[in-house]
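Take a look at the letters that make up each chain.
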Amino acid sequence: MAKIILTHEVTGLGAPGDIVEVKDGYARNYLVPRSLATPWTKGAEKNVSAIRRARKTREIATLDDAKAVRDSLQANPVTVSAKAGESGRLFGAVTTAEIAAAIKAAGAPAVDKRKIEVAQAIKSTGDYTVHVRLHPEVSAAVTVKVVAI
């Protein structure tokens with residue numbers, strides 16, 4: 001088992017700054033090469049507090065704030081425009097970064113693209129529902145309307 005420090009959120013494993021133990025191959029072949037984690041050392045453990053402070057500034061502070069943001073996101077659908085063919089099929093797919101930019105452009109608070117969960121790749125025009133994790137206890141279902149340019 002390898003002891004690592006997460007630098008980014010990994011679904012099902014932990015949040016940035018968490019010290020976790022995972023199998024050697026998972027750490028060596030997946031987490032560390034993708035810069036999702038760093039190997040644990042005494043010196044690196046000192047940096048954990050800096051990672052946690054940075055995470056706190058980006059997070060929504062309280063449960064009430066998260067619920068207010070959730071209500072505003074669920075009330076207003078978000079529109080994303082993308083290039084599409086005549087049949088409505090997109091050239092490529094709508095990414096979580098594009099959805100995050102559309103949420104911010106709609107006047108809602110900025111949402112980290114890593115907190116957006118898309119069930120299946122969005123590859124055609126229409127209405128879709130994506131989930132945004134705002135707080136460990138609060139998640140918002142956002143309606144995304146994909147329109148052709």
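Everything below is about the structure printed above this text.
Given the structure is predicted, the values throughout are model-derived calculations rather than measurements.

Quick notes on the rules
Residues numbered from 1 in each chain as written. Predicted model: local features only at pLDDT ≥ 70, side-chain atom pairs only at ≥ 80, totals over all residues. Heavy atoms only, no water. Phe/Tyr/Trp six-rings, centres within 6.5 Å; stacked < 30°, edge-to-face > 60°. Lys NZ or Arg CZ within 6 Å of the ring centre and 35° of its normal. Salt bridge = Lys/Arg side-chain N within 4 Å of Asp/Glu carboxyl O. Buried < 20%, exposed > 50% of the residue type's maximum accessible area, 1.4 Å probe, protein only. Helix = DSSP H or I, 4+ residues; strand = E, 2+ residues; numbered from the N terminus. Arc of directions from axis to C-beta.

Colleague: Can you lay out the packing of aromatic side chains for me, pointing to particular residues and giving the numbers?
Modeller: For the structure on display, the rule yields one aromatic pair. Taking the ring centre of W40 as reference, the NZ or CZ of K3 above it sits at 4.5 Å.

Colleague: How would you explain the pattern of salt bridges if you had to name every residue and give the values?
Modeller: Applying the stated criterion across every chain, the model contains five salt bridges. For R114, the salt bridge goes to D112, with nearest N and O atoms at 3.1 Å. The class of R114 is partly exposed, set by a relative accessible area of 39%. Here D112 falls in the partly exposed class, since its relative accessible area comes to 29%. Among the ionic pairs, R133 bridges to E117, the shortest N-O distance being 2.6 Å. Of this pair, R133 sits in strand 8 (residues 126-135) while E117 sits in strand 6 (residues 116-117), placing them 16 residues apart in sequence. Judged by its relative accessible area of 33%, E117 falls in the partly exposed class.

Colleague: Summarise helix 5 (residues 96-105); cite the residues concerned and give the values.
Modeller: Within helix 5 the residues assigned to the buried category are I99, A100, A102 and I103. For helix 5, the buried positions fall inside an angular range of 160° around the axis, keeping them on one side. Among the exposed residues of helix 5, those pointing more than 90 degrees away from its buried face are K104 and A105.

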